[in-house]
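Survey of secondary and tertiary structure
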Amino acid sequence: MINIFGKGVPAVMLEDDEGLLMPIHIGQSEALSINSVLKSETMPRPMTHDLILSMLVRLGAEVERVLIDEKIDNIYYARITLKKDGTSMEFDARPSDCIAIALRCDAVIMISEEVFNSDAISKDNFQGSRAISGFA
């Protein structure tokens, strides 16, 4: 979680091979879902992203990849690509939902170079920022 101007705002921190970070701010329920899969926690009842993955498996589809490829008016856009019987299908979705689903099935998460480079910051700059603190 990161803390911006004193208000707790959950974010996913995406990192490249050089250690640059790109934060994507997400909602509370998506943060809970992503956190539970990262910590290998099982909820007593399936979360929405678990349900989606179960449905895909039973329908014979698999998640091929996730691509975060646009940022318009400070909103990130992503697409999730599913594969069934050799056919790929692409769906528009929120990056947080794509990430939560991809993490559950070890699918590739990609970010366009242009989008990443426009918002990426070094870990040192991130941790030293006066506007952002509490990185954990």
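Here's a quick rundown of the structure. Just so we're clear, the structure is a prediction, and the values are computed from it rather than from any experiment. (Residues numbered from 1 in each chain as written. Predicted model: local features only at pLDDT ≥ 70, side-chain atom pairs only at ≥ 80, totals over all residues. Heavy atoms only, no water.)

1. Description of the packing of helix α2 (residues 48–58) against helix α3 (residues 95–104)
At their nearest, the axes of α2 and α3 sit 9 Å apart, and the two run at 60° to each other. Here α2 is positioned oblique relative to α3, judged by the angle of their axes. Where α2 crosses over α3, the two elements pack in a sense that is right-handed. For the pair α2 and α3, contact is made by His49, Asp50, Ile52 and Leu53 and by Asp97, Ala100, Ile101 and Arg104, respectively. Of the residues that constitute the contact of α2 with α3, the class distribution is four nonpolar, one polar and three charged. (Axes fitted to C-alpha atoms, helices over the stretch in contact; angles between N-to-C directions. Helix = DSSP H or I, 4+ residues; strand = E, 2+ residues; numbered from the N terminus. Parallel < 35°, antiparallel > 145°, perpendicular 65-115°, else oblique. Left-handed = near helix turned anticlockwise from the far one by under 90°. Contact = heavy atoms within 4.5 Å. Nonpolar A, V, L, I, M, F, W, Y, C, P; charged D, E, K, R; others polar.)

2. Notes on the sheet that holds strand β8 (residues 108–111)
Pairing is mixed across the open sheet formed by four strands, whose spatial order is β7-β6-β5-β8. The two strands at the open ends of the sheet, each matched to only one other strand, are β7 (87–93) and β8. Neighbouring strand axes in the sheet, compared pairwise and without regard to direction, differ in orientation by 20° on average. Bridging between strand β5 (residues 62–72) and strand β6 (residues 75–84) involves nine bridges; their strand directions are antiparallel. (Pairing = 2+ DSSP bridges.)

3. Some words on the side chain of Asp97
In this structure, Asp97 sits in helix α3. Side-chain polar atoms of Asp97 contact the side chain of His49, separated by 2.8 Å. When neighbours within four sequence positions are excluded, Asp97 is seen to be in contact with Glu30 and His49. (Polar contact = N/O pair within 3.5 Å; in protein donor to acceptor, adjacent residues only side chain to side chain.)

4. Points about the side chain of Asp69
Residue placement: Asp69 occurs in strand β5. Within the structure, Asp69 has its side chain in polar contact with the side chain of Arg79 (distance 2.2 Å). Ignoring any residue separated from it by four or fewer positions in sequence, one finds Asp69 in contact with Tyr77, Ala78, Arg79, Ser112 and Val115.

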